[in-house]
Structure formats: C-alpha cells, structure tokens
Amino acid sequence: MAINERIQTGRKFRKLIDEDSRLWLRVSFWTKASDVEFDDSETAETKFANMASRINEIAASFQNGVNKIYNKLKGLGFTPATNSPDGICGAIQNIYDTRYTNGYNTGFNEGKRSFKPVVLTGKIYDTDTEGTNFNGSVMIPPGLDYVCAGITSTYNCSYYIYLDDDREHVYMTNTFWRYNKETGEVWFELNSNDTRYIRSRDAYLEYMIMYIPKQ
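Residues numbered from 1 in each chain as written. Predicted model: local features only at pLDDT ≥ 70, side-chain atom pairs only at ≥ 80, totals over all residues. Heavy atoms only, no water.

Q: Outline the overall build of the protein chain, supporting the account with residue identities and numerical values.
A: Helix and strand counts for the protein chain stand at three helices and ten strands. Element order for the protein chain, N to C, with α for helix and β for strand: β-β-α-α-α-β-β-β-β-β-β-β-β. Within the span of the protein chain, comprising 215 residues, buried residues form 20% of the whole. A fraction of 60% describes how many contacts in the protein chain between residues 6 or more apart in sequence connect residues 24 or more apart. A total of about 16,500 Å² of accessible surface is found on the protein chain, and carbon and sulfur atoms cover 52% of it. (Helix = DSSP H or I, 4+ residues; strand = E, 2+ residues; numbered from the N terminus. Buried < 20%, exposed > 50% of the residue type's maximum accessible area, 1.4 Å probe, protein only. Contact = heavy atoms within 4.5 Å. Areas by Shrake-Rupley, 256 points an atom, 1.4 Å probe, with all protein chains shown as cover.)

This is how it looks when you write it as structure tokens:
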C-alpha cells in the first residue's frame, strides 16, 4: 500500500542561542542522497556515482589520446615540452614553423645521396711526334644525362712551328671534348688547326670527368 504523504522542501527554522548578543542558530533540513529519487527512478547517490565513473572514463580516454599524440610527435622528432595539450600544441606549432626549412633540407640531403656524382681523373698520352692533332677518349656508362669534362693540364703540348727563316715559334692549341650518349665515349682533342708540328718528346694531357649515374 502506497504511503500517503506530502513532501516538504526547503524548510528551515532558527533558534535563539544567545539572547544577550541576539545570536541565532539556523537549522536546515537535508536529505540523504539515497533518499532522493530522479524521474527515472534512480537515486541521487546512484546517479552521481555513475556520473563520477563516467567522468573518470572520459578523463582516462582523454589522457590516452594525449599520450598517443605525444608519442607520435616524439617519434617524428618533435618531442613536446610536456605531455599535455599545451606541450602538444607547442610541438605542432614547431612543425608548422619549420615545415619549409625541414622539407628543403630533407630534399636537399636526399638529392645529394641519390645523385652523388662520380669523378674520374687520368692521363691520355700522345706518341705521334709529328701529328697535327692530339686526341684520345675515355669510356664511361652510356645514356647519361649529366656529364661534365675538361682538360686540367697538359705536358709538352705546345706546337713548334718551323718557318722558312728558321725562326721557331710556339703556338698553343685549341681544346674541346664531347660525350657520345649512345656509346659512352668521352672524346678529348687538342686541335692544331691543321698546322703541322714536331715534338721531340711524348706529350700527355690530364683530364677530369664528372657525371651523375642513372638511377
């Protein structure tokens, strides 16, 4: 059988406890949480206990998310100053501020590793003391897109021209090189412009070739 009752809320009374100073004691009635029911029939005690549990779950989930982002940033080399939202925001700001510099440096260093040039040096000898041109070749891989070459020095490569009046003159030669992409031959030549010369000793030239290998 249901209890026939009337609920009174917010009731209080005062009691004079010191007549001389007119000091009153205010007494308010309060109810235990287990006695308060919500419309869904749960008591305040149960509902707030469930709420506290849910809040703890949310806090734990949030911290797990913070930990995951922190560890990810740490793995990328941008360790936050603290394992907190403020620390993580600072690390993300650092990524944003350095995105162009880091991207350039990464690309530049990768390019240096991927396109490290090959440098070749050597000598080409000429034993024909009465030839008109001094030439020779060096073989490198064919099909290269980037090749640079040059003659770095020569030995006994001046042209001795003997004129009718028996005067000896020195004539320096023109030089050039070319790369045959199909065969891989690098050709060097000292060109005397068809002027005949006589040398008493063998001559040689020193060359340098630099190329970037095909990837």
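Q: Pulling in residues and values, what's your account of the pairing of strand S1 (residues 12–18)?
A: With six bridges joining them, S1 and strand S2 (residues 23–28) adopt antiparallel strand pairing. Among the inter-strand pairings, phenylalanine 13 is bridged to a residue of S2, identified as valine 27. Linking two consecutive strands that pair antiparallel, namely S1 and S2, is a turn of four residues; a positive phi of about 55° is found at arginine 22 within it. (Pairing = 2+ DSSP bridges.)

Q: Any chance you could break down unusual backbone geometry for me, citing the residues and the numbers?
A: The backbone of arginine 22 sits at a positive phi, close to 55°, despite the residue not being glycine. Here arginine 22 shows up in the loop between S1 and S2. The class for arginine 22 is partly exposed, based on a relative accessible area of 49%. With a phi close to 75°, serine 41 is a non-glycine residue in the positive phi region.

Q: Could you give an account of the packing of helix H1 (residues 44–75) against helix H2 (residues 85–97), with specific residues and numbers?
A: To describe two helices that pack against each other, one gives the angle between their axes and the distance between the axes. Direction vectors running N to C along H1 and H2 enclose 30°, while the axes themselves pass 10 Å from each other. One finds that H1 runs roughly parallel with respect to H2. Two packed elements cross with a definite hand, and for H1 against H2 that hand is left-handed. Only Pro85, Ile88, Ala91, Ile92 and Ile95 of H2 make contact with H1, whose side of the interface consists of Phe62, Val66, Ile69, Tyr70 and Leu73. The residue inventory of the contact of H1 with H2, partitioned by class, reads ten nonpolar, no polar and no charged. (Axes fitted to C-alpha atoms, helices over the stretch in contact; angles between N-to-C directions. Parallel < 35°, antiparallel > 145°, perpendicular 65-115°, else oblique. Left-handed = near helix turned anticlockwise from the far one by under 90°. Nonpolar A, V, L, I, M, F, W, Y, C, P; charged D, E, K, R; others polar.)

Q: Go over the side chain of threonine 43 with me, naming the residues and quoting the values.
A: The topology assignment puts threonine 43 in the loop between S2 and H1. When near neighbours in sequence (up to four residues on either side) are disregarded, threonine 43 contacts Ala33, Ser34, Val36, Glu37 and Phe38.

Q: Tell me about the confidence of the model for the protein chain, and please be specific about residues and values.
A: When pLDDT is averaged across the protein chain, the result is 78; 75% of the residues are at 70 or more. Note that residues 159–170 has pLDDT below 50 and, in this model, 28 contacts with residues that lie over four places away or in other chains. (pLDDT = per-residue confidence, 0-100.)

Q: Give me the lowdown on the pattern of salt bridges, citing residues and values where you can.
A: Counted according to the given criterion, the structure contains six salt bridges. Residue lysine 214 is joined to aspartate 145 by a salt bridge in which the shortest nitrogen-to-oxygen separation is 3.0 Å. Here lysine 214 is found in the segment after strand S10 (203–211), whereas its partner aspartate 145 is found in the loop between strand S4 (133–139) and strand S5 (147–155), with 69 residues between them in sequence. You can call aspartate 145 partly exposed: its relative accessible area is 45%. Three or more residues joined by partner-sharing salt bridges are found here, namely Asp40, Glu42 and Lys47. (Salt bridge = Lys/Arg side-chain N within 4 Å of Asp/Glu carboxyl O.)

Q: Now, about H2: what can you tell me, with residues and values included?
A: Side chains of residues three or four places apart in an α-helix project in the same direction, reflecting 3.6 residues per turn. For H2, spanning 13 residues, the distance from its first C-alpha to its last is 18 Å, which sits close to the expected 18 Å at 1.5 Å a residue. Looking at H2, one finds that the buried residues are Gly87, Ile88 and Ala91. Buried residues in H2, looked at end-on, bunch into an arc of 100°, giving them a common side. Its buried side turned inward, H2 meets H1. (Expected span 1.5 Å × (residues − 1). Arc of directions from axis to C-beta.)

Q: Tell me about the environment of isoleucine 17, residues and numbers included.
A: For isoleucine 17, the location among the structural elements is in strand S1. Here isoleucine 17 falls in the partly exposed class, since its relative accessible area comes to 47%. When near neighbours in sequence (up to four residues on either side) are disregarded, isoleucine 17 contacts Leu23, Trp24 and Leu25.

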